[in-house]
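Each chain, written out:
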Amino acid sequence: MSAQTQAGRVKEITATSNPIVKEIKGLALKKNRDAEGLFIAEGLQLATFALENGWRARSLIYAKRMAGHEHLMQVAAKARAAGTDILEVSEKVLGVIARRDNPQMVIGVFEQQWHDPLTIAKSAGKPGNVIVALDRVRDPGNLGTIIRTADAVGASAVLLVGECTDPYSMEAVRATMGSVFNVRLARIDAIDFDEFKAAFPGRIAGTHLGGSVDYRSIAYGSDPWCLLMGNEQQGLPSILAEACDSLVHIPMAGRAESLNLAIATGVMLFEMRRYHLTMGETASDGGKQV
């Protein structure tokens, strides 16, 4: 994003045609997010969490009527001191940026964070550790929900295999409910997955229509695991299925032909982490129970 504002200063904007607004609004397009390495997250709670956890914000934008909000002013002051542009805008401008009629009153523009997949693999040696690998996931809502679920079970990372939808799209970020700031993300091509497997000290389980093993029959507690989930329509391709140590299926009793990808991933993750989601572990990790 071009330097349209002096870093760290407060600027008031009321016109939707303002060049700064146009640039931020442009982050709704993947090509612009990729070019700038930025994304949009909505809500004061998410912005606060991100800033407190070391995510770098380029801009913090809030509605003019929020100017007296004590917590927001504290967050804005800290962000401003770190060089973040602070934009006080009309609610109409917020709606244009968020692309909806009833936007959150606070929006942050953050720098994307991507991690090296081999580093993630090598650091996954703890028993009970789980990495989620997703093959060509297409739906941003599914991806965001999976990131949120991965966060909920304490998975260490989400690995995007092949041409996946963008986890930093506005739809995906909304679906994560803030978990995008708490889960490491990495990308890898399917043909390079063998390198990940070679570096990974645990076992890989993939869901597959031809899987002959009930997902509940495996003892997941003693090893690190990578859960490999296939594309919503096509499932796992042979190159990834062959990389799995176990192919599993989720039994179903009704007439539905399949489960939604996010639901299936959630079922698998809570089973894989069941023996580690004890009262002691969740309490020590600051976890919550539903």
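Nothing here was measured: the structure is a model prediction, and the numbers come from that model. (Residues numbered from 1 in each chain as written. Predicted model: local features only at pLDDT ≥ 70, side-chain atom pairs only at ≥ 80, totals over all residues. Heavy atoms only, no water.)

(A) Spotlight on the packing of aromatic side chains. In this structure the tally under the stated criterion is 10 aromatic pairs. Measuring from centroid to centroid gives 5.2 Å for Phe110 and Phe181, while their planes differ by 65°, and the two rings are edge-to-face. Separated by 71 residues along the polypeptide, Phe110 in strand β5 (residues 106-111) and Phe181 in the loop between α8 (170-176) and β8 (184-188) bring together distant segments of the chain. We note that Phe110, like Phe181, is buried. Taken together, Phe39, Trp55, Phe110, Trp114, Tyr168 and Phe181 form an aromatic cluster joined through their ring pairs. (Phe/Tyr/Trp six-rings, centres within 6.5 Å; stacked < 30°, edge-to-face > 60°. Helix = DSSP H or I, 4+ residues; strand = E, 2+ residues; numbered from the N terminus. Buried < 20%, exposed > 50% of the residue type's maximum accessible area, 1.4 Å probe, protein only.)

(B) How the structure looks around the pairing of strand β6 (residues 130-135). With six of six residues buried, β6 lies mostly within the body of the structure. The two faces of β6 match: Val130, Val132 and Leu134 on one face and Ile131, Ala133 and Asp135 on the other face are all buried. Strand direction decides the pairing type here: β6 and strand β11 (residues 225-229), joined by five bridges, are parallel. Bridging from a neighbouring strand, Val132 pairs with Leu227 of β11. Bridge count for β6 against strand β7 (residues 157-161) is five bridges, and the pairing is parallel. Its bridge partner being in β7, Val132 is matched across the sheet by Val158. Note that the unit made of β6, helix α7 (residues 140-153) and β7 has a crossover that is right-handed. (Pairing = 2+ DSSP bridges. Right-handed = clockwise from strand over helix to strand, strands pointing away.)

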